[in-house]
Amino acid sequence: MASLLLPALIATPTAYFAYRRCVYFLGKDEQLRVEMLTETVVVNGPCIKVLNPLLCKSIKRVKAEYLGQLDYRLVKDSITGKERVEKGPKLLFLGPYEEISDERHGHGDYGKAITLSQTEYIAVTNHLTGELSLTKGPAVWFPSDPYEVASEKKYPIALQEDEYVRIKDQATGNKMIVKGKTLLFPDPTWKVQGEAIKAITLKSYEYVRLQNVITGKIQVHRGEQMIFPEAHEILLDGKKLEAVDLKVDEYVKIEDQVTGEIRVVTGTGRVFLGPNDTILNNGKQNAVQVDEEHAALVRDIGTGQLRLVTEKQLFFPAATEEIEKVQQLICLADHEAVVVKDQSGTVAVHYGNPKLASPERPRSFFLPPYAEILPLVWSRGLRRETRNLIIERFDVRPQYMWFEFDCRTSDNVELVLECTIFWEATDLEKMLQTTGNLPGDVYNQCRSQFIKKVARVTLKKFMEELHSISNAVWTEDQPFYKVRGVDVHSLEVTRYKCSEARTSEVLQQIIEETTNRLNRLSQAESENEVNIFKMQGQIDHEKLNRELLEIKQEHVKSEARVAGASEAERIAAFVGGLEKDVPRLEDRIEMWKVLRKTDALSVVSGGGGSLYYTPNDVDLSIRTDGNAGAQASKA
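Below is a summary of the structure that appears in this document. (Residues numbered from 1 in each chain as written. Predicted model: local features only at pLDDT ≥ 70, side-chain atom pairs only at ≥ 80, totals over all residues. Heavy atoms only, no water.)

### Describing the packing of helix α3 (residues 438-454) against helix α5 (residues 466-476)
The description of two packed helices rests on the angle between their axes and on the distance between the axes.
For step 1, the next point in the chain: Interhelical geometry of α3 versus α5 gives an angle of 135° and a closest axis separation of 10 Å. In this view, α3 runs oblique relative to α5, as classed from their interaxial angle. With respect to the hand of their crossing, α3 and α5 are arranged in right-handed fashion. Residues Gln449, Phe450 and Lys453 of α3 form the contact with α5, whose participating residues are Ile469, Ser470, Ala472, Val473 and Glu476.
For step 2, the next point in the chain: The residue makeup of the contact of α3 with α5, split by class, is four nonpolar, two polar and two charged. (Axes fitted to C-alpha atoms, helices over the stretch in contact; angles between N-to-C directions. Helix = DSSP H or I, 4+ residues; strand = E, 2+ residues; numbered from the N terminus. Parallel < 35°, antiparallel > 145°, perpendicular 65-115°, else oblique. Left-handed = near helix turned anticlockwise from the far one by under 90°. Contact = heavy atoms within 4.5 Å. Nonpolar A, V, L, I, M, F, W, Y, C, P; charged D, E, K, R; others polar.)

Structure, rendered in structure tokens:
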């Protein structure tokens, strides 16, 4: 029993192994890849496959790849080299010699279809044929050919009604314009040149000039409208232009660049340039108001001649004329004069003084063509070292001139003199003929004369005779000034100082001492004058007091005479009046004395004093009256 069971146990593993090598059960998603002795075969499930192991090099069970709705695979046959695209949804079973290529087909996830929305698109390139195609959304793109490659997702250009884009077809080289309103999906061969551009919106006073770069033709478009340039058109001026708005006193010169013709357009109105027009002289210009005080100097550019327009008008130049200058009427005051040189070089002096003016040389005039005001270029400064003082209107009134210079005395003291000349130009024609720098000539002549005069005297004598020296310099040089048409009214040295500091200090001390002495003398004289004035005042006061006393005495005497006369008349009247009643003169006089005493007592009693009498002074008697005492007791 045991000997029969052992061979069965040995045979069982062998049979199981043979069973595993020969019989295969395949599911729906499984594939059996069998490498035979001469070829490779595949068996797709579901099925049961029995193979001879002796004829197989290898047997491999693999899973089929599941492709979803948006999946695809690129399958390549390694024997023939052909490729194909497998799209989902499906189970992908590869052939015996097929394999999945890992080459990427454009942008996006590998093996995934590209989903495009309504505002998306892609460009597809076939690398085998070179063909280009465009796929717009909404769509799901799968490569229909193994050689198709998709670009990244792109977005169309949304153009509004007033927008456009420039496009160049790289396949043909043509250029085009695409206007809005639209959603632009550019073809694969199109190249968009720049971003969306606004159309040119023109108002009623605006215009634009467009030039075709191929033909050179220029077109002018005026407002109001919206302009979309053509593919080969550019803005000639780089921007839209505004018409030239001319007022009544404005004009503009316009040249046709094709014919060279120039025309003048005057106001009022608006000027739109033509295709070949250009504005000259930097745009619009103002006409010249020619009146009593303004004139226009005009040059004819054709002949080069100048003319002066003085007729009253609103002057507009012709096409071949240019306004060189607007002249202001030259009006000279009575004390002014100008020198005018004409084209021949002749010099004429115009005076503002009516007595010196003439019809040929008026005081108010416009400069003729080719004439100019000849300026006087004089030197300036205290030492007349710089010649840059330009005078166009000369003042003929007397005026001052200040200058300084150095000179040396006979005792070798170097001085710096500051002088003032009061002068007047009396003959301008003679001055113009004899000198071109009158202040310089006067300065140099005065300096030369002062140097000669001062060199002959010492410092002390110079200080003492300063006025006479300056007067001699002035009077002796009169012919020099007369020849130059100048009258010098005075020449004074206003200040002098030593050029050397040490000498200047000594001179300053001398001047200070002299000044102090003069001050002291002046102070003493002032004090004496004050004292004399005081004494004179006292004398006058005493004289007045004496006169006052004399007058008072006369008044007192007059009052006494009047009072005495009045008293004598009173006494005479009193005595004469009692003559009948009191025959004796002595009695009447005694009565008068008693009355006078009574008046004296009245005066004394009216005051606050006390009066004492002696018995000898009054006639006093004392008696007793009984009745009067009884009445007093009753009371």
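### Thoughts on the side chain of Thr409
For step 1, the next point in the chain: Its location among the elements puts Thr409 in the loop between β46 (399-408) and β47 (414-425).
For step 2, the next point in the chain: On the basis of relative accessible area, Thr409 is assigned to the buried category, the value being 5%.
For step 3, the next point in the chain: Side-chain polar atoms of Thr409 contact the side chain of Asp411, separated by 2.3 Å.
For step 4, the next point in the chain: With residues up to four places along the chain from it excluded, the contact list for Thr409 reads Leu415, Val454, Ala455, Val457, Thr458 and Leu459. (Buried < 20%, exposed > 50% of the residue type's maximum accessible area, 1.4 Å probe, protein only. Polar contact = N/O pair within 3.5 Å; in protein donor to acceptor, adjacent residues only side chain to side chain.)

### Let's talk about the pattern of salt bridges
For step 1, the next point in the chain: For the structure on display, the rule yields 29 salt bridges.
For step 2, the next point in the chain: Note that Glu292 and Lys312 form a salt bridge whose closest N and O atoms lie 2.6 Å from each other. With a gap of 20 residues between them, Glu292 in the loop between β33 (288-290) and β34 (294-300) and Lys312 in the loop between β35 (306-309) and β36 (313-315) connect regions that are remote in the sequence.
For step 3, the next point in the chain: What makes Lys312 exposed here is its relative accessible area of 56%.
For step 4, the next point in the chain: Between Asp334 and Arg363 there is a salt bridge, with its nearest N and O atoms 2.9 Å apart. Residue Asp334 is located in the loop between β38 (330-331) and β39 (336-341), and its partner Arg363 is located in the loop between β40 (347-351) and β41 (364-365); the two are separated by 29 residues in the primary sequence.
For step 5, the next point in the chain: Classification of Asp334 by relative accessible area gives partly exposed; the value is 46%.
For step 6, the next point in the chain: Within this structure, Arg84, Glu86, Lys90 and Glu98 form a network of salt bridges that share partners. (Salt bridge = Lys/Arg side-chain N within 4 Å of Asp/Glu carboxyl O.)

### Some details on a nonpolar patch on the surface
For step 1, the next point in the chain: Taken together, the side chains of Phe25, Ile48 and Val50 define a hydrophobic patch exposed on the protein surface, amounting to about 310 Å² of accessible area.
For step 2, the next point in the chain: Summarising the element assignment, Ile48 is placed in strand β4 (residues 47-50).
For step 3, the next point in the chain: Residue classification places Ile48 among the exposed positions, given a relative accessible area of 55%. (Patch = residues over 30% accessible without salt bridge, like charges linked within 9 Å, V, L, I, M, F, W, Y side chains within 5 Å. Areas by Shrake-Rupley, 256 points an atom, 1.4 Å probe, with all protein chains shown as cover.)

### Observations regarding the side chain of Lys453
For step 1, the next point in the chain: Looking at the secondary structure, you find Lys453 in helix α3.
For step 2, the next point in the chain: Given a relative accessible area of 16%, Lys453 falls into the buried group.
For step 3, the next point in the chain: Not counting the four nearest positions on each side in its chain, Lys453 is found in contact with Ile469, Ala472, Val473 and Glu476.

### Concerning the pairing of strand β23 (residues 218-222)
For step 1, the next point in the chain: Here strand β22 (residues 206-212) pairs with β23 via five bridges, running antiparallel. Counterpart to Val208 in the pairing with β23 is His221.
For step 2, the next point in the chain: In textbook terms, the turn of a hairpin is the stretch between consecutive antiparallel strands, and for β22 and β23 this stretch comprises five residues, one of which, Gly216, has a positive phi near 80°. (Pairing = 2+ DSSP bridges.)

### Digging into α5
For step 1, the next point in the chain: Within α5, the full set of buried residues consists of Leu466, Ile469, Ser470, Ala472 and Val473. Viewed along the axis of α5, the buried residues span an arc of 155°, placing them on a single side of the element. (Arc of directions from axis to C-beta.)

### Observations concerning the sheet that holds strand β13 (residues 132-136)
For step 1, the next point in the chain: Spatially, three strands are ordered β13-β12-β15 in an open sheet, and the strand pairing comes out antiparallel. Only two strands of the sheet have a single partner each, and these edge strands are β13 and β15 (148-150). The average undirected angle you get between the axes of adjacent strands in this sheet is 25°.
For step 2, the next point in the chain: Of the strand pairs in this sheet, strand β12 (residues 121-126) and β15 are connected by three bridges, and their pairing is antiparallel. Bridge pairing in β15 links Thr125 to Val149.

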